[in-house]
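As a plain string of letters, each chain reads:
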Amino acid sequence: MQQLYEVLLSNKNKIYYQTKFEQFDRRGPGLKASWNWPAFFVGGVWALYRKMYGWFFILLGVVFVSNVLEKAGVPGLSAVVIIIPWIAFAIFANSLYQNNLKKKIAEAKITIEDENKLIEYLQYKGGVHTWVIWVFGGIPVIGILAAILIPMLAGK
């Protein structure tokens, strides 16, 4: 299984995840708690970067529900609705990521028997979305620059 994890993982933090997954595998089945700072700071963006689309949309939904509650005048409940899932996601993100990779491996093994083709397919399905860094990192930078430059240029 470790070899297939290695195929699915990008070079970015490969050793970190391999070590984490080995620890999780020794502890048996089920979700394992471990802290993931990137998942805490950027939540769903981390999930999208790691090709965990379902978790991206779940966290997007949590943010949406929290905003609806805020607009409805229930700020305390709004805060609880966003804080608890956000922290829980950061605690279980590594384990959720491992489960996501295990699912990809299991699904591929059902239809692909040849090991070379399996590895080739998993290389295609694995890795990360590098465009996520550019989109979610670039948009705030563009917004900040616009907020600075537009008033400067409008004042002339």
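Bear in mind the structure is a predicted one, so any value in this text is a computation, not a measurement.

Sorry, what's going on with the side chain of Lys51 here?
With respect to the helices and strands, the residue Lys51 is situated in the loop between helix 4 (44-49) and helix 5 (53-71). We note that Lys51 is buried and unpaired, the nearest opposite charge coming from Glu107 at a distance of 13 Å. Among the polar contacts made by the side chain of Lys51, one reaches the main-chain carbonyl oxygen of Gly126 at a distance of 2.8 Å. When neighbours within four sequence positions are excluded, Lys51 is seen to be in contact with Asn100, Lys104, Tyr124, Lys125, Gly126, Gly127, Val128 and His129.

How do you make sense of the packing of helix 5 against helix 6 (residues 75-111) when you look at a structure like this?
Helix packing for two helices is described by the angle between their axes and how far apart those axes are. Between helix 5 and helix 6, the shortest axis-to-axis distance is 7 Å and the interhelical angle comes to 165°. Compared by their axis directions, helix 5 and helix 6 come out roughly antiparallel. Regarding helix 5 and helix 6, the two cross each other, and that crossing is left-handed. Contacts from Trp55, Leu59, Val62, Val63, Val65, Ser66, Leu69 and Glu70 in helix 5 reach Pro75, Leu77, Ser78, Val81, Ile82, Pro85, Trp86, Phe89 and Leu96 in helix 6. Residue classes in the contact of helix 5 with helix 6 are distributed as 14 nonpolar, two polar and one charged.

Cut-offs applied
- Residues numbered from 1 in each chain as written.
- Predicted model: local features only at pLDDT ≥ 70, side-chain atom pairs only at ≥ 80, totals over all residues.
- Heavy atoms only, no water.
- Helix = DSSP H or I, 4+ residues; strand = E, 2+ residues; numbered from the N terminus.
- Buried < 20%, exposed > 50% of the residue type's maximum accessible area, 1.4 Å probe, protein only.
- Lys, Arg positive; Asp, Glu negative; His and termini not counted.
- Salt bridge = Lys/Arg side-chain N within 4 Å of Asp/Glu carboxyl O.
- Polar contact = N/O pair within 3.5 Å; in protein donor to acceptor, adjacent residues only side chain to side chain.
- Contact = heavy atoms within 4.5 Å.
- Axes fitted to C-alpha atoms, helices over the stretch in contact; angles between N-to-C directions.
- Parallel < 35°, antiparallel > 145°, perpendicular 65-115°, else oblique.
- Left-handed = near helix turned anticlockwise from the far one by under 90°.
- Nonpolar A, V, L, I, M, F, W, Y, C, P; charged D, E, K, R; others polar.

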